[in-house]
Amino acid sequence: MAGLTALLLAGRRPGTDALAASRGETLKVLIPVAGEPMVARVVATLLATPEIGPVRVMTQDTAAIAAVLPSDPRLGFLQSGNGIALSVSAALRSGEAPFPLFVTTADHALLRPEAIAEFLTAAQGADIAVGVVERAVVESRFPQTKRTWLRFRKGDWTGANLFYFASAAALPVIESWASIEQDRKKGWKLIARFGIGLLLRAATRTITIHDAVARAGRQLGADVRMVGLSDPLAAVDVDKIADLELAEAVLESRA
């Protein structure tokens, strides 16, 4: 697993980013978190993770982001296209970001090498793995935090923005995701795409998140695995002011 390529998503969505504007930045990923641009923090984490080899930053704003990153031979850039899923698919199909591929986001300011290692170990053998954190784990560290929870039998879960794509079997799933990307935080809409039976089981909480996702993946010919992580920090991405304040408090307490 050593030498795995990492793809860091550092693009921007259309329109003005409210958090960036509130901090006088044009790009959210350039906002300083405890004095360091958040994209630089995540790049440093990736470069410090033994399982990771090349790091590719996908963005529309290469020059602005490159200016805050270190000069490192392992670091390169890819142009972000129309939507996250299609951009990732294009990079995989072209070989610019080869299989197997680890993907995370540039707003993951509290990501640690230990969480990446835990995730990648549990991902082995799957075509696709997706990191999630159970509510009890998050609230054990951050009892007041507000997250988007996916409610299933045996637990409520939130995304960790960690993904693993092992082979070309992942491509139909990624490309299917493109058509529902705008509903990425509305769990019921994602599940409904795979049939009323699965939707009803999710709605009545008679199926676990692991079983639901595995069944949906099988419909697209892929082994999809949800990986529950033990690190509550893996659930914290910086999307709003409260997230930024939380991330800075954690980093300042470490210092």
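Below or above, wherever it landed, is the structure these notes cover. Every chain is numbered on its own, with residues counted from 1 as its sequence reads. Totals for whole chains, interfaces and linings use all residues, but because this is a predicted model, local features are given only for residues with pLDDT of at least 70 and pairs of side-chain atoms are given and counted only at 80 or more. Hydrogens and water are ignored here; the side-chain numbers use all heavy atoms of the structure.

## Overview of the side chain of arginine 41
Then comes step 1: Tracing the sequence through the fold places arginine 41 in helix α2 (residues 38-47).
Then comes step 2: A simple rule labels every residue: compare its accessible area, found with a 1.4 Å probe on the protein chains alone, to the largest value its type can have, and call it buried under 20%, exposed over 50%, or partly exposed in between. In this structure arginine 41 comes out as buried when scored by relative accessible area, which is 17%.
Then comes step 3: A polar atom in the side chain of arginine 41 sits 3.3 Å from the backbone oxygen of alanine 34.
Then comes step 4: Not counting chain neighbours up to four residues away, the residues in contact with arginine 41 comprise Val33, Ala34, Glu36, Ala109 and Leu251. Runs of E in the DSSP output that reach at least two residues are strands. Runs of H or I that reach at least four are helices, and both are numbered from the N terminus. Any pair of N or O atoms that falls within 3.5 Å is considered a polar contact. Within protein, one atom must be able to donate a hydrogen and the other to accept it, and sequence-neighbouring residues count only if both atoms are side-chain atoms. Any pair of residues with heavy atoms lying within 4.5 Å of one another is described as a contacting pair.

## Examining the pattern of salt bridges
Then comes step 1: Note on definitions: salt bridges are taken to be side-chain nitrogens of Lys or Arg within 4 Å of carboxyl oxygens of Asp or Glu. Applying the stated criterion to the full structure yields twelve salt bridges.
Then comes step 2: For aspartate 231, the salt bridge goes to arginine 112, with nearest N and O atoms at 3.1 Å. Of this pair, aspartate 231 sits in the loop between β10 (224-228) and α11 (241-254) while arginine 112 sits in the loop between β6 (101-105) and α5 (113-123), and the two are 119 residues apart along the sequence.
Then comes step 3: Residue classification places aspartate 231 among the buried residues on the basis of a relative accessible area of 7%.
Then comes step 4: The shortest N-O distance in the salt bridge between lysine 240 and aspartate 243 comes to 3.3 Å.
Then comes step 5: Classification of aspartate 243 by relative accessible area gives buried; the value is 3%.
Then comes step 6: Linked through salt bridges whose partners overlap, the residues forming this network are Arg135, Glu139, Arg151 and Asp156.

## Some words on the packing of helix α4 (residues 84-94) against helix α7 (residues 171-178)
Then comes step 1: Relative orientation of the contacting elements α4 and α7 amounts to 155 degrees, with a least axis distance of 8 Å. Between α4 and α7, the angle falls in the class roughly antiparallel. Crossing angle aside, the handedness with which α4 passes α7 is left-handed. Where α4 approaches α7, its residues Ala85, Leu86, Val88, Ser89, Leu92 and Arg93 are matched on the opposing element by Leu171, Ile174, Glu175, Trp177 and Ala178. Think of each axis as a best-fit line through the C-alpha atoms, taken over the contacting stretch in the case of a helix, with angles from 0 to 180 degrees between the N-to-C directions. Note on angle classes: values under 35 degrees are labelled roughly parallel, values over 145 roughly antiparallel, values of 65 to 115 roughly perpendicular, and the remainder oblique. Left-handed is the label given to a crossing in which the near helix is rotated counterclockwise from the far helix by less than a right angle, and right-handed is the label when the rotation is clockwise.

## Thoughts on the packing of aromatic side chains
Then comes step 1: Planes of paired rings set the category: under 30 degrees apart is stacked, over 60 is edge-to-face and the rest tilted, where pairs are Phe, Tyr or Trp rings (Trp by its six-membered ring) whose centres lie within 6.5 Å. Applying the stated criterion across every chain yields a total of one aromatic pair.
Then comes step 2: Measuring from centroid to centroid gives 6.0 Å for phenylalanine 102 and phenylalanine 119, while their planes differ by 55 degrees, and the two rings are tilted. Here phenylalanine 119 lies in helix α5 and phenylalanine 102 lies in strand β6, a separation of 17 residues in the sequence. Pair check on accessibility: phenylalanine 102 and phenylalanine 119 agree, each one buried.

## Quick look at the environment of arginine 56
Then comes step 1: Looking at the secondary structure, you find arginine 56 in strand β4 (residues 52-59).
Then comes step 2: Along the sequence, arginine 56 and leucine 7 sit 49 residues apart, while their C-alpha atoms lie 4.8 Å from each other.
Then comes step 3: Those residues in contact with arginine 56 that lie beyond four places of it in its chain are Thr5, Ala6, Leu7, Leu8, Arg74, Leu75, Gly76, Phe77, Leu78 and Glu96.
Then comes step 4: A polar contact of 3.1 Å, which involves the side chain of arginine 56, links it to the backbone oxygen of arginine 74.

## Comments concerning the pairing of strand β1 (residues 4-9)
Then comes step 1: When you tally the buried positions in β1, you get six out of six residues, the bulk of the element.
Then comes step 2: Burial along β1 is two-sided: Leu4, Ala6 and Leu8 and Thr5, Leu7 and Leu9, pointing in opposite directions, are all buried.
Then comes step 3: In this description, strands pair whenever DSSP reports at least two bridges between them. Examined bridge by bridge, β1 and β4 share five bridges and lie parallel to one another. Looking at the pairing, leucine 7 lines up with arginine 56 of β4.
Then comes step 4: Relative to β6, β1 runs parallel, the two being bridged by five bridges. Bridge pairing in β6 places leucine 8 opposite threonine 104.

## A short note on the nonpolar core
Then comes step 1: Counting 54 residues, the largest nonpolar core has Val39, Ile65, Phe102 and Phe119 as the members making the most contacts within it.
Then comes step 2: When residues of this core are traced back to their parent elements, those giving at least two are β1, α1 (18-22), α2, β4, α5, β7 (128-134), β9 (155-165) and α11.
Then comes step 3: Among the elements that line this core, the one with the most residues is α2, at seven residues.
Then comes step 4: The residues touching phenylalanine 119, leaving out its near neighbours within four places in the chain, are Phe102, Ala129, Val130, Gly131, Leu162, Phe163, Tyr164, Val227 and Leu229.
Then comes step 5: Nonpolar cores were defined as sets of buried Ala, Val, Leu, Ile, Met, Phe, Trp, Tyr and Cys residues, with membership established by side-chain atoms within 4.5 Å. Core analysis: the next-biggest nonpolar cluster, separate from the first, contains 27 residues, Val132, Ile209, Ala222 and Met226 among them.

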